[in-house]
Amino acid sequence: MKTGLVIIFVFGLMQALWAAQVDVVNKELLVLPGQNATFLCRVGVALQYCRIELPGGRTFNLNKQLPSNSEVSYYGNGLDAGQCGVNIHQVTEKDNGAVKCTLGIPSETAESVGTMSLIVAKAPKQPELDLSRGTDSLRVYKINDVLEASCIVRDGRPVANISWYLDDEPIDNMALRMPTVIDLAKENLQSTVQNFSRVLQPIDNGRFLRCVAFHPAYPGGHSETKRQLDVKFPPLPIEDPIDKFGYQIGKVGLINITIEANPKPRIEWTVGGQLIKEGSTDNTGRIEAEAIRDLERGRYEANLRLAAVTKQDTEVEYILTAYNDQGSQTYRIKISTSPEPEGFKKFFRQKIYGVELGVGAIVGVVVLVLFIILLVSILIFAKMTGRWCFTGGSDTRHFGESDTESADVRPRETKTPNKLTSLFKKNKDQVASENELKPKLMKNEEKNLQEQPNVPEGDERALVYAELDLVRANMVPVVKNDDEKTEYAEIVYTPSDEGKESPKK
């Protein structure tokens, strides 16, 4: 008995191996209800029959000569060409599943089978967006609160794809977690869930968090659910002081400031020490504080109207105070009749988290840049001229020293520091050219002759002048000016008491 079962199993396996391999065109196909769908199975030999089995156990024997019915028809070039295909005229929910083609080949005892997957799309439910609770209450948040959001799209075929947006700005995938797919095997439906996390900032207030699901069965291909974020924060700072330009003496002047805050702030103005409440005027009736105006999404406009601008108005500082339950902020405004400067200020001004770089900061940056340029210039000058920290060691021979000074081994007296005015003084200790040395040398020789005492020629008391060059023999002599020091060695012979001359240094 066991031997017979083994023989049958081996025989069936050999039949399966010997059966012709079926090439399936469109192994998987996604269609919408009401559309048609086609599948094709083919082999390299002629077929004896072609049998198609649809989901639900419906079986059809098809060939090119048979007329089509209301549900299906033959698809292909005929059984002689080895093709067995089906065309489903209008797909319905009951057609979702596996489609099987069974091919009978006259030369083979085993049937050849091919399988295809037909997916009839079903639109999932509307996306569901769930938000975490805020610090104080449901769906009301504060700055730096962590928003946890979850979007689920239920019961779709196939599974829907989810994308996140803040208004129209796509949310980076780094802030998103991998979606989770839940299969409902009984109805062959799928649900998908994805979570999102974000630390809230003032810029998020009033923006719409959108969960968008994409699916071919949705009208238009997508469906979305969105929630507007309510983030509370105190009035944000602006540049200080705020400069306003272009006012004209004798004409109406309007000072307007845009405040970012949530919830709506209350405001009050202080002009020349006088407090002006919102919606009231000063004691002269000339200055009016208008009611704050809502610009939506946490932006408000505060206006102070001057009936006629005077010169004194341009010398006063206007102080605006805005406050809500989250905090307060003070703004200082100055007005001017000068036109608003373009270019320089506009180039350096930039807005970072709602705060602009003010004029004072601009001036500080410019001064710092100029100081760095000056410092670099001084260091370059010192390097080129060998001054200060760039001065050589004691064994360095300086240009401009006379040979006798270089040969002097006596300790030098400490020189006084150079004055600031000598920084830019032209260095005189440069080797003169040969053409310049000759007239200067002749002039100095004449001067030395005039200063010497009238000593007869050949007299031993004559002055002897000598310079010793210890560096090199071909060095060009350096001529010193009258105000520069030069050391000499003189040997003078004077008569002794006995009438003899003895050397004296």
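Structure: above.
Note that the structure is a prediction, hence the values are computed from the model and not measured. (Residues numbered from 1 in each chain as written. Predicted model: local features only at pLDDT ≥ 70, side-chain atom pairs only at ≥ 80, totals over all residues. Heavy atoms only, no water.)

Colleague: Help me out: how do you make sense of the overall build of the protein in this one?
Modeller: When helices and strands are tallied, the protein shows five helices and 32 strands. In the protein, buried positions account for 30% of the 505 residues. Within the protein, contacts between residues at least 6 apart in sequence are counted, and of these 63% link residues at least 24 apart. (Helix = DSSP H or I, 4+ residues; strand = E, 2+ residues; numbered from the N terminus. Buried < 20%, exposed > 50% of the residue type's maximum accessible area, 1.4 Å probe, protein only. Contact = heavy atoms within 4.5 Å.)

Colleague: Honestly, the sheet that holds strand S15 (residues 180–184) in this entry has me stumped. Any pointers?
Modeller: Hydrogen bonds between backbone atoms are what pair the strands of a sheet, whose relative direction is either parallel or antiparallel. Pairing is antiparallel across the open sheet formed by four strands, whose spatial order is S10-S12-S16-S15. Of all the strands in the sheet, just strand S10 (128–131) and S15 have a single pairing partner and so form its edges. Averaged over all pairs of adjacent strands, the angle between strand axes in this sheet comes to 20°, irrespective of strand direction. Where S15 and strand S16 (residues 189–199) come together, five bridges link them in antiparallel fashion. Note that in S16 the partner of Asp 183 across the bridge is Gln 190. (Pairing = 2+ DSSP bridges. Axes fitted to C-alpha atoms, helices over the stretch in contact; angles between N-to-C directions.)

Colleague: Would you mind showing me how to read a nonpolar patch on the surface here?
Modeller: Side chains of Leu 368, Phe 371, Ile 372, Leu 375, Val 376, Leu 379, Ile 380 and Met 384 sit close together on the surface and give an oily, nonpolar patch of about 810 Å² of accessible area. Mapped onto the elements, Met 384 comes out in helix H3 (residues 359–385). The class of Met 384 is exposed, set by a relative accessible area of 68%. (Patch = residues over 30% accessible without salt bridge, like charges linked within 9 Å, V, L, I, M, F, W, Y side chains within 5 Å. Areas by Shrake-Rupley, 256 points an atom, 1.4 Å probe, with all protein chains shown as cover. Salt bridge = Lys/Arg side-chain N within 4 Å of Asp/Glu carboxyl O.)

Colleague: When you look at the nonpolar core in this model, what are you seeing that I'm missing?
Modeller: Buried together is how nonpolar side chains tend to be arranged in soluble globular proteins. Of all hydrophobic cores here, the largest spans 28 residues; its most connected members are Ile 52, Cys 101 and Leu 118. Put simply, the parts of the chain that give this core at least two residues each are strand S2 (28–31), strand S3 (37–42), strand S4 (49–54), strand S6 (72–75), strand S7 (83–88), strand S8 (97–104) and strand S9 (112–120). Counting 24 residues, the second-largest nonpolar core is a separate cluster that includes Ile 255, Ile 259, Ala 289 and Leu 304. (Core = buried A, V, L, I, M, F, W, Y, C linked by side-chain atoms within 4.5 Å.)

Colleague: I would appreciate a short explanation of the side chain of Glu 268 in the present structure.
Modeller: When you line up the elements, Glu 268 lands in strand S22 (residues 266–271). Since its relative accessible area comes to 17%, Glu 268 is described here as buried. Aside from chain neighbours lying at most four places away, what touches Glu 268 is Leu 275, Ile 276, Lys 277, Ile 319, Leu 320, Thr 321 and Tyr 323.

Colleague: Explain the state of the cysteines here, please?
Modeller: Working definition of a disulfide: a covalent bond connecting the sulfur atoms of two cysteines. Enumeration according to the criterion identifies three disulfides in this entry. Each sulfur in the disulfide pair Cys 41 and Cys 101 lies 1.8 Å from the other. On the sign convention where negative is left-handed, the bridge of Cys 41 and Cys 101, at about -95° about the S-S bond, is left-handed. On the criterion of sequence distance, the pair formed by Cys 41 in strand S3 and Cys 101 in strand S8 is long-range, its members being 60 residues apart. Cys 50 shares a disulfide with Cys 84; S-S distance 1.7 Å. Torsion about the S-S bond of the Cys 50 and Cys 84 cystine: about 65°, corresponding to right-handed handedness. Of this pair, Cys 50 sits in strand S4 while Cys 84 sits in strand S7, placing them 34 residues apart in sequence. Accessibility expressed as a relative area gives 0% for Cys 50, which makes it buried. Classification of Cys 84 by relative accessible area gives buried; the value is 1%. Here the protein pairs its bonded cysteines, counted in sequence order, in the arrangement 1-4, 2-3, 5-6. (Disulfide = S-S within 2.5 Å.)

Colleague: Is there a simple way to think about the sheet that holds S8 in this case?
Modeller: With mixed pairing, the five strands of this open sheet are ordered in space as S2-S9-S8-S4-S5. With one partner strand each, in any of the chains shown, S2 and strand S5 (58–61) form the two edges of the open sheet. Taken pair by pair, the neighbouring strands of this sheet meet at an average axis angle of 20°, ignoring direction.

Colleague: Quick question: what am I supposed to make of the pattern of salt bridges here?
Modeller: For side chains bearing opposite charge, pairing can occur when the charged atoms are close. Inspection of the entire model under this criterion finds 22 salt bridges. With a closest N to O distance of 2.9 Å, Arg 42 and Asp 23 form a salt bridge. You can see Arg 42 sitting in strand S3 and its partner Asp 23 sitting in strand S1 (residues 23–25), a full 19 residues away along the chain. The partner of Glu 169 in a salt bridge is Arg 207, and the shortest N-O contact between them spans 2.8 Å. Here Arg 207 lies in the loop between S16 and strand S17 (208–214) and Glu 169 lies in strand S14 (residues 169–170), a separation of 38 residues in the sequence. The exposure class of Glu 169 is partly exposed, given its relative accessible area of 47%. On the basis of relative accessible area, Arg 207 is assigned to the buried category, the value being 12%.

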